[in-house]
Amino acid sequence: MPFRQEPPRLGNQYETDRALRSYLRRALPPEVLEEVEPELLDLGELAGGELYRMQLADRLNEPRLTQWDAWGERVDLIEVSPLWRAAERLAAERGLVATAYERKHGAHSRLHQFALAYLFTPSTDIYSCPLAMTDGAARVLATSGNDLLVREVLPHLVSRDPEEFWTSGQWMTELTGGSDVGASETVARLDGGDVWRLYGRKWFTSAAASQAALTLARPEGNPTGGRGLALFFVETRDAEGRLRGIRIERLKEKLGTRKVPTAELTLEGTPAVLVKGTTDGVRDIAPMLNVTRLWNAVSAAALMRRGVALARDYARRRAAFGSTLAEKPLHADTLAGLQAEAEAALQLAFYAAGLTGREEAGELDEQGARLLRLVMPLVKLTTGRAAVHVASEAIEAFGGAGYVEDTGLPVILRDGQVLSIWEGTTNVLSLDALHTSLKDNVALYSLLAEIEDCAASARDERLAIPARKARSAAVNARAWLTWAAGEGQVKLEAGARRFCMTLGRALALALLTRHAQWSLDSERDPRAAAAARRFAHNGIDLIISDIDPADANLLLSE
Ligand code: MFK
C-alpha cells in the first residue's frame, strides 16, 4: 500500500482548549460560565469543523474591486470572499460585538465576548479586523455624548440582526504617517450650513467595504499636529448604494490579511458628522485604538493557539525516523515552548479584556484606569511579537508542508505578521508605554504591584522559579527606567522596546504563575504550572544596560 500522510485535524476548538477553559473557570462566576458555555461549545464546534473546512475551501478567494460598470459609470464596488460573507452573518448572529454592549454579565461581558472572538478569529481569515474596528467605533460613539450618532448609528454597530448590522472602518493612515497620525493632511470644510465635507487621501483603510467609518481630518484653519485634528463619522454609501464623495483607488497588495479589503481612498467632499469637538481628534479616537489593540491581542493569542493545535495534532499523525514526531524529544520540546507562549498570550489578552470589562462596568477606580492605560500597549506589543515567532515555528513544525500553500498553513504566518504592525508597531507602542511609565508613576507602580501580587500568590514550590523570574524582571525594568532617565533621551528611547518587552513578559509570567497556583489548588491540574515554568525560560528579562546607542550609529553607517 502506498504511503499516505494524514492531514492535521481540529476538534471542537473550545472543548479541546484546556488553557481557555481553565482560565474561564477561574475568571467567571460559575453561574456565568454555565450560561455562556453552551455558546462557546457551539462556536468551538463550528470553528474546528464546518467553518475551518469553509476556510480551506475559500483559500484562493480574495476581495474584488470593480471600479466601473459596463456603461462607464464609476461604481467602486467591493465584493468580499464567500467566507467573509458567511463570517459577517455569523458575527452578527453570535453577537461578536453586541455581547460587549448588551452587558448581560456586567463586568464579565468583555470576557464572554472575547472568548467568542478567540474561537471565531482563526477560522475566519481576519474578519476580526472589521469587528475590532466596529467595536472600537461603538465604544467611541457610546461615550461621545453625540445623541444623533448614539440614536442613529450605534444600534447598527451592536445589532445581532445580520440585515441591520453595520461594520465600521477606522480611516487613520495617510501617506504622511501610519504612526505619526498628527501629520494627517485631510481637510474638513463646513459646507454652508452645518455639513462638514472631507477632502484628502486615506492611504491604508482596512475594511473598505464597511457601511461606516470613523476618521480624522483637520478643520480648515486649525493648527498642525494631533490637537488640530477632529474626529468625524462617515456613512460610506447613500440610500442607492452609491459612495458618498469617496473614490476607491485600488486595493492593497499585502503580504497577508489578503481577505481584508484594504483600500486607498480619495475623499472628495465626503459628508461627515463631527463626533465631538473640532480639535483633539487623536485623543477622541484613542478609545477606539484601545479596543482594536485588545482585539489584536486576543487575535494574537488565538492564532498562536491555532498554529500549535494544528502542529500538535500533526505531530501525532506524522512518523519519521521510526516514530511519530510527538514521540521525539526535540520536537516535543519545541512544541512545548510554543504552547507556553500561547498560554502566556492568552493570560495577557484576557487580563486586559477583564480590566476593560471592569472599566466599562464602572468597577475600576482611577488607579485601575491608569494601570489599564499602560497595560494595553504592553499587552498588544508583547502578544503581537510573540505571534510572529509562534506562527513561524508552527509552520516549521510541518517541515516543507508548512511552506506549501494548499495545506492552508502559510497563511498563519502571513496573517500573524500583521499583528505586530497595525494598530501601532512594536516600537511606536514601546514609546507610548515608555512615556506613560515616565509620566504616570501610579500606572507603573500599579503594574509592578500586580506582578508582585501574582508572584506572591505562588505557594507551591513548583512555581518558585517562575515567581522569582517575574519579580526580578519587573524590579530590573524599574531600575533601568530610573537609571536611563538620568542618562538622557537617547538611551531611554533606544532601550524602550527591551523595557516594554520585559514588563510585558514579566506580567505574562506573573499572570501564568497566579493562574497555575489556582489550577493546582482547584483543578489538581499541573499543566498550567508546566506552562509557567517553561515560559520562565523563554526569555523574560530582556534589559541590557550596557548597550551603547553610539554602537547603533556605527553599525548603521555605510
Ligand atoms: C485583529 C484585529 C485588529 C484590528 C485591526 C484594525 C485594522 C486597522 C488598521 C489601522 O487602522 S492601523 C492604524 C492604527 N494606527 C495607530 O495605531 C496609530 C499609531 N500611533 C500612535 O499610537 C501614536 O502614539 C499617536 C498617533 C497616538 C501619537 O499621536 P500624537 O498626536 O503625538 O498624540 P499624543 O500627544 O501622544 O496623544 C494625544 C492625546 O491622546 C493625549 O491626551 P491629552 O490630549 O489629554 O494629553 C494622549 O494621552 C491621548 N492618547 C494617545 N494614545 C492614547 C491616548 N489616550 C488613551 N489611550 C491611548 N492609547
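Since the structure is predicted, the reported quantities are computational estimates derived from the model, not experimental observations.

Trainee: Please give an account of the overall build of the chain that cites residues and values.
Mentor: Of the regular secondary structure elements, the chain holds 20 helices and 11 strands. Its C-alpha atoms give the chain a radius of gyration of 24 Å, within 12% of the compact-globule value 24 Å for 558 residues. Projected onto the principal axes, the alpha-carbon positions of the chain cover approximately 70 × 70 × 60 Å. When the 558 residues of the chain are sorted by exposure, 55% land in the buried category.

Trainee: Mind laying out the side chain of Arg 306, listing which residues take part and the relevant values?
Mentor: Examined against the element boundaries, Arg 306 turns out to sit in helix 10 (residues 281-317). It turns out Arg 306 is buried and unbridged, and the closest side chain with the opposite charge, Asp 125, is 7.8 Å from it. Among the polar contacts listed, one links the side chain of Arg 306 to the side chain of Ser 123, at a separation of 2.9 Å. With near-sequence residues (within four places) excluded, Arg 306 lies in contact with Leu 10, Gln 13, Ala 47, Tyr 52, Gln 55, Pro 122 and Ser 123.

Trainee: Can you break down the side chain of Thr 383 residue by residue, with the values?
Mentor: Topologically, Thr 383 is positioned in helix 12 (residues 366-396). Discounting residues that sit within four places of it in the chain, Thr 383 has contacts with Ala 297, Ala 300, Met 304, Ala 345 and Leu 348.

Trainee: Tell me about unusual backbone geometry, and name the residues and values.
Mentor: Positive phi values are uncommon outside glycine, yet Asp 280 reaches one of about 55 degrees. You can see Asp 280 is positioned in the loop between strand 9 (263-274) and helix 10. For Arg 524, which is not a glycine, the phi torsion comes out positive at approximately 50 degrees.

Trainee: Before we move on, could you go through the site of the ligand and cite the residues and values that matter?
Mentor: Taken together, 26 residues lie near the ligand, and Ser 179, Arg 227, Asn 290, Arg 293 and Glu 423 sit nearest. With respect to the ligand, the side chain of Asn 290 contributes an N or O atom lying 3.0 Å from a nitrogen atom. Residue Arg 293 places a side-chain N or O atom 2.9 Å away from an oxygen atom belonging to the ligand. Bound to the protein, the ligand loses 79% of the 1200 Å² it would expose on its own. Elements with a minimum of two residues in the shell around the ligand: helix 7 (128-142) and helix 10.

Trainee: Which residues make up the nonpolar core, and what values do they have?
Mentor: One finds Phe 350 and Phe 499 to be the most contacted residues of the largest nonpolar core, which totals 176 residues. Excluding residues within four positions of it along the chain, Phe 350 makes contact with Leu 20, Tyr 23, Leu 111, Phe 114, Ala 115 and Tyr 118.

Trainee: I'd like a description of the packing of helix 6 (residues 109-120) against helix 7, backed by residues and values.
Mentor: Two elements in contact, helix 6 and helix 7, have axes whose closest approach is 13 Å; the angle formed by their N-to-C orientations is 160 degrees. The pairing of helix 6 with helix 7 is recorded here as roughly antiparallel in orientation. Crossing angle aside, the handedness with which helix 6 passes helix 7 is right-handed. For the pair helix 6 and helix 7, the contacting residues are Arg 110, Gln 113, Phe 114 and Phe 120 in the first and Leu 131, Asp 135 and Arg 139 in the second. The class makeup of the residues in the contact of helix 6 with helix 7 is three nonpolar, one polar and three charged.

Trainee: Go over the pattern of salt bridges, please, and point to the residues and values.
Mentor: Overall, the coordinates contain 47 salt bridges when judged by the stated rule. The salt bridge partner of Glu 343 is Arg 18, with a shortest N-O separation of 2.7 Å. On the criterion of sequence distance, the pair formed by Glu 343 in helix 11 (residues 329-360) and Arg 18 in helix 1 (residues 18-27) is long-range, its members being 325 residues apart. Between Arg 64 and Glu 79 there is a salt bridge whose closest N-O contact spans 3.6 Å. Of this pair, Arg 64 sits in strand 1 (residues 64-68) while Glu 79 sits in strand 2 (residues 74-79); the two residues are 15 residues apart in sequence, bridging distant segments of the chain. Residue Arg 64 is classed as exposed on the basis of its relative accessible area, which comes to 52%. Overall, the relative accessible area of 41% leaves Glu 79 in the partly exposed class. What you see here is one network of salt bridges that share partners, running through Arg 74, Asp 76, Arg 247, Glu 249 and Glu 268.

Trainee: Outline helix 1, listing residues and values.
Mentor: For helix 1, the full list of buried residues reads Ala 19, Leu 20, Arg 21, Ser 22, Tyr 23 and Leu 24. Contacts from the buried residues of helix 1 go to helix 2 (30-48), helix 6, helix 11 and helix 18 (496-523).

Trainee: Tell me about the environment of Tyr 314, residues and numbers included.
Mentor: Position of Tyr 314 among the secondary structure elements: in helix 10. On the basis of relative accessible area, Tyr 314 is assigned to the buried category, the value being 6%.

Trainee: Go over the packing of helix 14 (residues 426-439) against helix 18, please, and point to the residues and values.
Mentor: Remark: helix 14 packs on helix 18, axes separated minimally by 9 Å, with the N-to-C direction vectors making an angle of 80 degrees. Taken as axis vectors, helix 14 and helix 18 run roughly perpendicular relative to one another. Residues Thr 426, Asn 427, Ser 430, Leu 431, Ala 433, Leu 434 and Ser 437 of helix 14 pack against Ala 496, Arg 497, Phe 499, Cys 500 and Met 501 of helix 18. A breakdown of the residues in the contact of helix 14 with helix 18 according to their chemical character gives seven nonpolar, four polar and one charged.

Trainee: Describe in detail the pairing of strand 4 (residues 187-191), supporting the description with residues and values.
Mentor: Two elements, strand 4 and strand 5 (residues 195-205), share five bridges in a ladder whose sense is antiparallel. Looking at the pairing, Arg 189 lines up with Arg 197 of strand 5. Pairing of strand 4 with strand 6 (residues 212-219) involves two bridges; the strand directions are parallel. Bridge pairing links Val 187 to Arg 218 in strand 6.

Calculation rules
- Residues numbered from 1 in each chain as written.
- Predicted model: local features only at pLDDT ≥ 70, side-chain atom pairs only at ≥ 80, totals over all residues.
- Heavy atoms only, no water.
- Helix = DSSP H or I, 4+ residues; strand = E, 2+ residues; numbered from the N terminus.
- Rg over C-alpha atoms; globule rule 2.2 N^0.38 Å.
- Buried < 20%, exposed > 50% of the residue type's maximum accessible area, 1.4 Å probe, protein only.
- Lys, Arg positive; Asp, Glu negative; His and termini not counted.
- Salt bridge = Lys/Arg side-chain N within 4 Å of Asp/Glu carboxyl O.
- Polar contact = N/O pair within 3.5 Å; in protein donor to acceptor, adjacent residues only side chain to side chain.
- Contact = heavy atoms within 4.5 Å.
- Near = heavy atom within 4 Å.
- Areas by Shrake-Rupley, 256 points an atom, 1.4 Å probe, with all protein chains shown as cover.
- Core = buried A, V, L, I, M, F, W, Y, C linked by side-chain atoms within 4.5 Å.
- Axes fitted to C-alpha atoms, helices over the stretch in contact; angles between N-to-C directions.
- Parallel < 35°, antiparallel > 145°, perpendicular 65-115°, else oblique.
- Left-handed = near helix turned anticlockwise from the far one by under 90°.
- Nonpolar A, V, L, I, M, F, W, Y, C, P; charged D, E, K, R; others polar.
- Pairing = 2+ DSSP bridges.

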